[in-house]
Amino acid sequence: MTGVLLLLPFFLARFGLMARLDRDAVRRAAHFAPLSAGEKPAYWVYQLSNGAILVYLFFLRIRPAPAWLFALGAAVWLAGLVLLIRSVADFAAPSATGIHTNGVYRLSRNPMYVAYFLFFTGCALLTQSPLLFAFVALFQISAHWIVRAEERWCVQQFGEEYQRYMERVRRYI
């Protein structure tokens, strides 16, 4: 089975479910916070590695052996998908102030990024591709810089309330 099939639930959750729950959430999720000069290269690494992950999966096959690695990959992939679905549902229902503090956002300020990491790591395990692992690592490292820009923007937009949220809730897990 081709690796690109692993992406179908991802797109259904990330775009289909989000649009069904709240069309405005799709626009909000696609918004990139203003980047500092040092974050701009990370943005391009983020975009290129994201594209590389998506395109490279067209050329990979899911490998069922060894069974333990397939089971691990399936578990990580499924955990990422479940977290993505939960994150999307919670993201589509922000508080009255616009800050996402409900559901999994009580445990992580960036559960969608955690979900992406788990999901794509599961894809790399299921395809047993070292190159895909490298793309996922680049994606995750560069995503950290995007997260930092988003958090800076949230502090500017939401002020003390977001500062308190940052003090209560971890960035990732």
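Residues numbered from 1 in each chain as written. Predicted model: local features only at pLDDT ≥ 70, side-chain atom pairs only at ≥ 80, totals over all residues. Heavy atoms only, no water.

## Brief notes about the overall build of the protein chain
The condition that has to hold: For helices the rule is a DSSP run of H or I covering at least 4 residues; for strands it is a run of E covering at least 2, with both sets numbered from the N terminus onward. Our radius of gyration is a C-alpha quantity, and the globule rule it is checked against amounts to 2.2 Å times the number of residues to the power 0.38. When accessible area is computed with a 1.4 Å probe and restricted to protein chains, residues below 20% of their type maximum are described as buried, those above 50% as exposed, and intermediate ones as partly exposed. Contact criterion: two residues are considered in contact whenever any of their non-hydrogen atoms come within 4.5 Å of each other.
Helix and strand content of the protein chain: seven helices and zero strands. Starting at the N terminus, the α and β elements of the protein chain follow one another as α-α-α-α-α-α-α. Against the globule reference of 16 Å for 173 residues, the protein chain gives a C-alpha radius of gyration of 16 Å, in line with a compact fold. When the 173 residues of the protein chain are sorted by exposure, 42% land in the buried category. Considering only contacts within the protein chain whose residues lie at least 6 apart along the sequence, 79% involve residues at least 24 apart.

## As for helix α5 (residues 111–127)
Spelled out, the test is: An expected span of 1.5 Å times one less than the residue number is assigned to each helix.
With 17 residues, α5 should reach 24 Å at 1.5 Å per residue; the first-to-last C-alpha distance of 24 Å fits that figure. Most of α5 sits out of view: 15 of its 17 residues are buried. Immediately downstream of α5, the backbone of Q128 shows phi near 55°, a positive value.

## Examining helix α3 (residues 40–56)
For α3, with 17 residues, the first-to-last C-alpha span of 24 Å sits near the 24 Å given by 1.5 Å per residue. When α3 is considered as a whole, its buried residues turn out to be A42, Y43, Y46, S49, N50, A52 and I53. Packed against the buried residues of α3 are α5 and α6 (130–158).

## Things to note about a nonpolar patch on the surface
Definition in use: Patches here are clusters of residues that have more than 30% relative accessible area and form no salt bridge, with a 9 Å joining cutoff for like charges and a 5 Å cutoff for nonpolar side chains (Val, Leu, Ile, Met, Phe, Trp, Tyr). Only the protein chains shown count as cover for residues, and all accessible areas are computed by the Shrake-Rupley method using a 1.4 Å probe. Every case where a carboxyl oxygen of Asp or Glu lies within 4 Å of a side-chain nitrogen of Lys or Arg is listed as a salt bridge.
Judged by side-chain polarity, M1, L5 and L8 come together as a nonpolar surface patch covering roughly 310 Å² of accessible area. With respect to the helices, strands and loops of the structure, L8 is situated in helix α1 (residues 7–21).

## Some remarks on the confidence of the model for the protein chain
Just so we agree on the cut-off: Confidence of the predictor in every single residue is expressed as pLDDT, which spans 0 to 100.
Averaged over all residues, the pLDDT of the protein chain equals 95, while 100% of them reach at least 70. When the elements of the protein chain are averaged for pLDDT, helix α2 (residues 23–30) gives the smallest value, 88, and α5 the largest, 98.

## So, the packing of α6 against helix α7 (residues 160–168)
Rules: For helices, the axis comes from a line fit to the C-alpha atoms of the stretch in contact; other axes are also lines fit to C-alpha atoms, and the angle between any two N-to-C directions lies between 0 and 180 degrees. Under this scheme an angle from 65 to 115 degrees is roughly perpendicular, one under 35 degrees roughly parallel, and one over 145 degrees roughly antiparallel; angles in between are oblique. Note on residue classes: Ala, Val, Leu, Ile, Met, Phe, Trp, Tyr, Cys and Pro are nonpolar, Asp, Glu, Lys and Arg are charged, and everything else, Gly too, is polar.
Packing of α6 against α7 leaves a shortest axis separation of 6 Å and a crossing angle of 135°. Judged by the angle between their axes, α6 and α7 are oblique. In contact with E151, C154, V155 and F158 of α6, α7 contributes E160, E161, Y162, Q163 and M166. The residue makeup of the contact of α6 with α7, split by class, is five nonpolar, one polar and three charged.

## Topic: the pattern of salt bridges
The full count for this structure, using the stated rule, is eight salt bridges. R28 is paired through a salt bridge with D22; the nearest N and O atoms lie 3.3 Å apart. Among the residues examined, R28 registers a relative accessible area of 22% and is labelled partly exposed. With a closest N to O distance of 2.7 Å, D90 and R86 form a salt bridge. Highlighted residues: D90 and R86, both in helix α4 (residues 67–91), separated by four residues, approximately one helical turn. We classify D90 as buried; its relative accessible area is 4%. One salt-bridge network, in which partners are shared between bridges, spans D22, D24, R27 and R28.

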